[in-house]
Amino acid sequence: MDKVKVEKLLINYKTLEKFKHFKEYGNQELSMLEDLENNLVENQSDSPFYGIYIGDSIIARMSLYRVNRKYDFYFDPPQDYLTLWKLEVLPEYQGKGYGKALVDFAKSYQLPIKTNPRINSHAFWEKMGFQKAQYKMERDLGENPLIWMPAGVKENHIKEQDEA
């Protein structure tokens, strides 16, 4: 695989059409279409969407949101962190390093990352260095988040009764 470039995706109708090539675009859990439509302003550049192109086709994509430290209940010390959502690679490009390239791009911010993996994707995330976060009912509300931490960051191990 040649050097892969991860690009911020523009929020426009052309990107909306390209998202329809992803098999999961209709799945409520993974649909980036709704997010995209809600933010649709022609060629808005402040987009949370990132992708990898081959030619003029998006072959891999993800959403990446920065969360303010005041909402950080995952990391020690508390700090801004990234939430990585909806990572998907088109089937014919899977297993070629494009998903890893997206994750490496997110890691390049050197902020902790939280994700909520899809069913059957845990092996991928573990390979990327993510670990299961200690489950806290009040915080996680039925999600099973995985986290990645850069050097110097630990998981916050505050007990549930201490959070109140």
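For the structure itself, look to the data block above.
Here's what I pulled together on the structure shown here. (Residues numbered from 1 in each chain as written. Predicted model: local features only at pLDDT ≥ 70, side-chain atom pairs only at ≥ 80, totals over all residues. Heavy atoms only, no water.)

## Details of the overall build of the protein chain
Worth spelling out the cut-off: Secondary structure elements follow DSSP: runs of H or I of four or more residues count as helices, runs of E of two or more count as strands, with numbering from the N terminus. The rule is simple: take the accessible area with a 1.4 Å probe, protein chains only, and divide by the maximum for that residue type; under 20% is buried, over 50% is exposed, in between is partly exposed.
The helix and strand inventory of the protein chain stands at six helices and nine strands. Per-residue burial over the protein chain gives 45% buried out of 164 residues.

## A word on helix H3 (residues 98–107)
Burial within H3 is extensive, with seven of its 10 residues counted as buried. Those residues of H3 that sit buried are Tyr-98, Gly-99, Ala-101, Leu-102, Val-103, Ala-106 and Lys-107.

## Description of the pairing of strand S2 (residues 49–54)
For clarity, the threshold we go by: When DSSP finds two or more bridges between two strands, those strands count as paired.
Pairing between strand S1 (residues 6–8) and S2: three bridges, direction antiparallel. Looking at S2, one finds that Lys-8 is bridged to Tyr-50. Taking the residues that link successive antiparallel strands as the turn, the S2-strand S3 (residues 57–67) hairpin has two residues, and the phi of Gly-55 there is positive, at about 65 degrees.

## Some details on the side chain of Glu-155
What counts is decided by this rule: In protein, a polar contact means a hydrogen-donor-capable atom and an acceptor-capable atom, both N or O and within 3.5 Å, with residues adjacent in sequence counting only if both atoms are side-chain atoms; elsewhere, any N or O pair within 3.5 Å suffices. Residue contacts are defined here by distance: any two heavy atoms, one from each residue, within 4.5 Å place the two residues in contact.
On the secondary structure map, Glu-155 appears in strand S9 (residues 154–155). A relative accessible area of 9% means that Glu-155 is categorised as buried. A polar atom in the side chain of Glu-155 sits 2.5 Å from the backbone nitrogen of Gln-134. Apart from residues no more than four positions distant in its own chain, Glu-155 is found in contact with Tyr-74, Asp-76, Gln-131, Lys-132, Ala-133, Gln-134, Ile-147 and Met-149.

Scope: geometric values only; no functional claims are made or implied.
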